[in-house]
Amino acid sequence: MTTSSSGDPSTAEAAEHNGNIMASSSTFSNGRAHFDYLTKEENERLRKMFARAIHQTAMPFKAFEHHTWQQFFHALHGAFHIPSTEMIGGDLLRLEYTNIMAEVVRNLKQFVMICLTLDGAINVQGKQIINLMACGPMAFFLEHFSMELRRESAENLYEKLIDSKRRLLLTIRELALGFVSHVVSSDAGDGDANPQQVATMNEHFVGAPMFTFYSDSPSVMIKLRRLCIQDTEFLFAFGCSPHVLHNLCMDLVKEFPVVKLIVKQIVFLVKSVCKIHLIQQLFDKICKEKYGITLVFSYSRKRVGERSETPPSA
Amino acid sequence: MCQLPTEIMSNDLDVDLPNDLKDLILTASFWKGVAAVEVLLSVVYSCLSYLEGDESTFSSVYTCFLAVAHHFRTLPPDVRAALDLSNADVDKMHTLVCHCLKTIFLPTHALAFRTDPLFDDLRDNLAKLHMDAFLNLGDLTILQECKKAIKRMVAIDILLNRLMQSEFGLYTIRVEDNDDDFADIFSMPQHMWALADDSVYSHLKKPLLAIHKMPTGASAGERNHKSANRVHSRNRS
């Protein structure tokens with residue numbers, strides 16, 4: 001991005017050329033700074049739009065901090081200043097999150113059936129994270145939480161799930177007559193005098209949607225599914241079908257010796273090709289020559305997003 | 001596919017392959033096996049990629065398992081020979097499919113499958129090809145499972161149960177003509193049920209509308225982890 005002066009005449013010319021542009025733009029923008037005017041509201045609106053674009057496209061917060069970008073924006077409009085990184089990652093991020101969640105709630109209000117899904121993952125740093133989604137059938141992200149593996153029992157997860165569900169119901173449905181939300185009952189202090197009850201179940205809300213639950217199939221989740229359908233909180237609790245089909249593939253490999261042998265050989269072949277760079281290059285070349293395509297030659301044990309353990313055959 | 005490795009290896013390669021890799025590549029029976037395994041798993045991974053997608057319908061869960069079971073029963077003879085599969089092995093595969101389904105199965109799956117008009121012909125054809133019992137991947141027959149699902153939905157309301165069961169009965173014996181609410185099988189089942197006749201299916205309509213809107217799995221959560229760049233580890237994915 002930066003131009004440095006060097007002995008090379010072409011580079012020098014380019015630098016001069018760039019310098020001219022910068023000079024003219026800076027003169028232009030300097031002038032603009034005196035004439036351009038934005039009201040506080042307009043400036044605020046532009047900053048929000050700017051932050052929204054950054055968050056929606058998952059750009060680094062300091063992407064525009066470089067002075068060339070600042071010059072560009074200054075030339076575009078003398079009174080507009082890019083919000084600082086702290087602002088983008090702080091207040092404007094919180095605002096964007098609130099807006100998006102409001103949109104999610106607006107959508108969820110229309111759903112006649114809400115299916116909650118829980119799914120856990122561990123990143124390379126060993127930090128575990130569980131996300132909670134609401135589908136109907138379009139999926140919306142609700143929240144994520146982490147739970148120590150030692151504490152990750154079906155009962156604890158169930159507690160979390162029920163709590164999230166209750167909070168969701170409070171935002172998308174009206175309370176039925178005679179019921180109050182948690183906040184009102186605890187803050188009012190006149191709970192004893194008032195016969196109103198804290199809303200906890202589906203029946204305590206007006207026209208609550210049908211709730212179901214989906215999870216993958218480790219034993220803790222199977223137990224959680226059983227807990228879910230014990231009372232009326234969830235009508236049905238299902239296991240994830242793609243996970244089960246993946247397990248079927250694993251069972252086929254395990255149960256049938258010939259299939260097992262062939263898959264083992266395929267895995268050996270894939271690993272051998274991937275291990276030696278020259279052979280991988282050769283494989284790519286042959287694919288290009290024979291079929292005119294580039295194939296990704298990979299082996300993975302991932303459960304979702306993988307078609308099978310069979311690699312594309314050469 | 002079996003001739004290609006030999007053809008490639010006969011050319012002058014400027015890379016030295018390790019001996020065991022070279023031997024494996026030149027073994028014709030290995031490539032026959034690879035082709036057979038590809039055929040064996042093709043339907044499974046077609047179903048898998050469909051079910052983990054965004055537009056899969058809840059009724060297709062049961063259908064996919066039926067399709068896989070049908071595929072295992074009708075494997076071409078050369079594939080069966082290459083994989084050394086006897087009739088007993090094919091029966092075992094069928095048992096495996098049923099077992100896998102049972103780990104996630106609820107009567108609701110059968111109800112969604114039975115009330116999606118798209119699969120009416122498939123059901124008839126499969127029953128003709130195999131036996132009627134082939135369709136029952138759960139413990140009970142499909143109709144029994146449907147009744148169980150309806151019972152679960154109405155909880156203790158006996159009258160509502162009776163009304164819904166009779167509406168379900170009406171649906172199963174409906175006459176398929178052009179005026180039928182369910183004639184346009186290319187619509188999503190939830191849309192067809194949303195347009196169903198209120199005077200006939202007044203009690204069944206709402207719950208079925210909700211059931212057909214259910215997703216097929218928890219893959220949305222997995223996708224969310226992926227899009228948030230949470231790297232999968234060997235412990236959990």
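One can find the structure itself at the top, above this paragraph.
A few points on the structure. (Residues numbered from 1 in each chain as written. Chains lettered and ligands numbered in written order. Predicted model: local features only at pLDDT ≥ 70, side-chain atom pairs only at ≥ 80, totals over all residues.)

## Comments concerning the overall build of chain B
In plain terms, the rule: Helix and strand assignments follow DSSP, with helices taken as H or I runs no shorter than four residues and strands as E runs no shorter than two, numbered in order from the N terminus. In this scheme the burial state of a residue depends on its C-beta neighbours within 10 Å: 20 or more other such atoms mean buried, 12 or fewer mean exposed, and anything in between means partly exposed; the C-beta positions come from the backbone. Here contacts are defined at the residue level, using C-beta atoms placed from the backbone and a cut-off of 7 Å between them.
A count of helices and strands for chain B gives 14 helices and zero strands. Going from the N terminus to the C terminus, chain B shows its helices and strands as α-α-α-α-α-α-α-α-α-α-α-α-α-α. Here chain B holds 237 residues, and 39% of them are scored as buried. Here the contacts in chain B between residues at least 6 apart in sequence split such that 65% fall between residues at least 24 apart.

## What to know about the overall build of chain A
Secondary structure summary: chain A contains 11 helices and seven strands in total. Counting across all 314 residues of chain A, residues that qualify as buried make up 24%. Restricting the contact set of chain A to residue pairs at least 6 apart, pairs at least 24 apart contribute 54%.

## A few points about the sheet that holds strand E7 (residues 236-239) of chain A
The strands that make up a sheet pair up through hydrogen bonds in the backbone, lying either parallel or antiparallel. Residues and elements named next belong to chain A. Test applied: We call two strands paired when DSSP finds no fewer than two bridges between them. Axis definition: a line fitted to C-alpha atoms, limited for helices to the stretch in contact. Angles are taken between N-to-C directions and run from 0 to 180 degrees.
With respect to topology, five strands assemble into an open sheet ordered E3-E2-E1-E6-E7, the strand pairing being mixed. On the outer flanks of this sheet lie strand E3 (139-145) and E7, each paired with one strand and no other. Adjacent strand axes in the sheet meet at a mean angle of 25°, parallel and antiparallel pairs treated alike. Bridge analysis of strand E1 (residues 113-122) against strand E6 (residues 210-215) gives six bridges, and the strand direction is parallel. Paired with Leu118 across the two strands is Ser215, which belongs to E6.

## Quick word on the environment of Asp180 of chain B
Residues and elements named next belong to chain B. Relative to the helices and strands, Asp180 resides in the loop between helix H10 (158-172) and helix H11 (189-194). With 14 C-beta atoms counted inside 10 Å, the residue Asp180 sits in the partly exposed group. Asp180 sits 27 residues away from Met153 along the chain, and the two C-alpha atoms are 26 Å apart.

## A look at the interface of chain A and chain B
Selection criterion: In this classification, the charged set is Asp, Glu, Lys and Arg, the nonpolar set is Ala, Val, Leu, Ile, Met, Phe, Trp, Tyr, Cys and Pro, and all remaining amino acids, among them Gly, are polar.
Counting residues at the interface gives 63 residues for chain A, matched by 58 residues for chain B. A per-element tally of the side of chain A that touches chain B places helix H9 (residues 241-255) of chain A first, with 12 residues. Here the side of chain A that touches chain B is composed, by residue class, of 38 nonpolar, 18 polar and seven charged.

## Focus on the packing of helix H4 (residues 60-73) of chain B against helix H7 (residues 107-114) of chain B
Residue and element names in this part refer to chain B. To be explicit about the condition: Throughout this description, any angle smaller than 35 degrees is read as roughly parallel, any larger than 145 degrees as roughly antiparallel, any in the 65 to 115 degree range as roughly perpendicular, and the remainder as oblique.
The contact between H4 and H7 brings their axes to 7 Å, and the two run at 90°. Taken together, the axes of H4 and H7 are roughly perpendicular relative to one another. Between H4 and H7, the contacting residues are Val61, Tyr62 and Thr63 on the first element and His109, Ala110 and Phe113 on the second. In the contact of H4 with H7, the residues fall into four nonpolar, two polar and no charged.

## A look at the pairing of strand E2 (residues 128-135) of chain A
Residues and elements named next belong to chain A. Among the eight residues of E2, six are classified as buried, and the element is accordingly described as predominantly covered. Looking at chain direction, E1 and E2 are connected through eight bridges and run antiparallel. Residue pairing in the sheet places Asp119 in a bridge with Asn131 of E2. Both E2 and E3 contribute to a ladder of six bridges, which runs antiparallel. The residue of E3 that forms the bridge with Ala134 is Phe140.

## Here's the deal with the nonpolar core
To be explicit about the condition: In plain words, the nonpolar core is the set of buried Ala, Val, Leu, Ile, Met, Phe, Trp, Tyr and Cys residues that C-beta atoms within 7 Å link up. Each domain's extent was defined by an automatic or database domain assignment.
If you look at the biggest cluster of nonpolar residues, it comprises 100 residues, and the most contacted ones within it are Leu248 of chain A together with Phe65 and Val97 of chain B. Here this core gets 10 residues from one element, more than from any other, and that element is helix H3 (residues 28-51) of chain B. Looking at this core, you find at least three residues from each of domain 2 (112-173 + 209-239) and domain 3 (243-314) of chain A. With residues up to four places along the chain from it excluded, the contact list for Val97 of chain B reads Leu248 of chain A together with Phe65, Val68, Ala69 and Phe72 of chain B.

## Re unusual backbone geometry
Of the consecutive residues Gly136 of chain A and Pro137 of chain A, the connecting peptide bond is found in the cis state with omega at -10°. With respect to the element layout, Pro137 of chain A can be found in the loop between E2 and E3. Positive phi values are uncommon outside glycine, yet Asp84 of chain B reaches one of about 55°. Mapped onto the elements of the fold, Asp84 of chain B is located in the loop between helix H5 (77-82) and helix H6 (87-102).

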